[in-house]
Amino acid sequence: MIKFPCPHCGQRVSVSVEHGGQQAICPKCGKVVTIPNAAGNGQGGSFVAPSPPATQTASDWSNFIPTLIVALPFIITILILLFT
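From a predicted model like this one, the values you see are computed outputs, not experimental measurements.

**Focus: the overall build of the chain**
When you go through the chain residue by residue, the secondary structure sums to one helix and four strands. Beginning at the N terminus, the succession of helices and strands in the chain can be written as β-β-β-β-α. Expressed as a percentage of the 84 residues in the chain, the buried residues total 14%. With the model as given, the accessible surface of the chain reaches about 6200 Å², and the carbon-plus-sulfur share is 65%.

As structure tokens, this is what we get:
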């Protein structure tokens, strides 16, 4: 298994060795990440992974705002149904 942190949000991700070097989507932030290659004999050796961001950034809000925009019509519809 290859274990590495997402370079965008720091989420620890585990994938099988055969996916090394490919791209995937982080299960937490939904951004595209490149899976590092495992070193050694292909049996899950060590590797150098990028370190996660040191501080939290505005990217937390950048994930929330699009979700809110998509959900807003549903929220308004529910409120209209509740109060009419």
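**Notes on the nonpolar core**
In summary, soluble globular proteins display a tendency toward joint burial of nonpolar side chains. Of all hydrophobic cores here, the largest spans nine residues; its members are Ile2, Phe4, Cys6, Val13, Val15, Cys26, Cys29, Val33 and Ile35. Only β1 (2-5) and β2 (12-15) provide two or more residues apiece to this core.

**Focus: the pairing of β2**
Here β2 shows a buried face lined by Val13 and Val15 and an unburied face lined by Arg12 and Ser14. Looking at chain direction, β1 and β2 are connected through four bridges and run antiparallel. When the sheet's bridge partners are listed, proline 5 is paired in β2 with arginine 12. Count of turn residues in the β1/β2 antiparallel hairpin: six residues, of which glycine 10 carries a positive phi of about 85 degrees.

Conventions adopted
- Residues numbered from 1 in each chain as written.
- Predicted model: local features only at pLDDT ≥ 70, side-chain atom pairs only at ≥ 80, totals over all residues.
- Heavy atoms only, no water.
- Helix = DSSP H or I, 4+ residues; strand = E, 2+ residues; numbered from the N terminus.
- Buried < 20%, exposed > 50% of the residue type's maximum accessible area, 1.4 Å probe, protein only.
- Areas by Shrake-Rupley, 256 points an atom, 1.4 Å probe, with all protein chains shown as cover.
- Core = buried A, V, L, I, M, F, W, Y, C linked by side-chain atoms within 4.5 Å.
- Pairing = 2+ DSSP bridges.

Just distances and angles here, no functional claims.
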